[in-house]
Amino acid sequence: SEDTFWNNFFKDKRKVDVEKFGSYMRETYSWIDGMQELMSELHSMGAEMHLFTNYPVWWKMVEEELYLSKYADWSFISCQMHARKPEPKAFLLAADRLGCLPSDCVLIDDRSSNCSGALDVGYLDALEFQSAKQTRRLLRKYFPTLTE
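Residues numbered from 1 in each chain as written. Predicted model: local features only at pLDDT ≥ 70, side-chain atom pairs only at ≥ 80, totals over all residues. Heavy atoms only, no water.

**Here we look at the packing of aromatic side chains**
Counted under the stated rule, the structure contains eight aromatic pairs. The interplanar angle of 75° and the centroid separation of 6.0 Å between the aromatic rings of tryptophan 31 and tyrosine 71 together place this pair among those described as edge-to-face. Taken as a pair, tryptophan 31 in the loop between α2 (18-28) and α3 (35-44) and tyrosine 71 in the loop between α4 (58-66) and β2 (73-77) lie far apart in primary sequence, 40 residues in all. The interplanar angle of 70° and the centroid separation of 5.3 Å between the aromatic rings of tyrosine 55 and tryptophan 58 together place this pair among those described as edge-to-face. The exposure class of tyrosine 55 is partly exposed, given its relative accessible area of 26%. Three or more aromatic residues joined by ring pairs form one cluster here, namely Phe21, Tyr29, Tyr55 and Trp58. (Phe/Tyr/Trp six-rings, centres within 6.5 Å; stacked < 30°, edge-to-face > 60°. Helix = DSSP H or I, 4+ residues; strand = E, 2+ residues; numbered from the N terminus. Buried < 20%, exposed > 50% of the residue type's maximum accessible area, 1.4 Å probe, protein only.)

**Description of the side chain of asparagine 54**
Here asparagine 54 lies in the loop between β1 (50-53) and α4. Those residues in contact with asparagine 54 that sit more than four places away from it in its chain are Ser78, Arg84 and Lys85. (Contact = heavy atoms within 4.5 Å.)

The following block contains the structure:
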């Protein structure tokens, strides 16, 4: 439950002011430079994109602030899937739910351990996010008409 989550948020069992935490999350979440444009361009090209997060209920706050679902579906939320990246089960479950093989999937993630996990189960590629510009450059392998 959400209460259990918050009660165990800190190892030393400190209390969390959930309202303040939520306000902080909402105030600090913003688009990374160039990412909204990149997602918009990929979406307009018909690229199938899915969001895959290890966030608990926070993904809803991110959605409220950034409206990522305009460009991609919140298809894979670990607290709903009962599997977290980089567990093999999480990546295999994602491919299965999409009705494809892992070798048909490309992951973009900011954690090298998640990228390694995806590659270990046979994903076509896993791009470690560093910036929108770098990701755009790497994605041209799959979308040659992607603009500079």
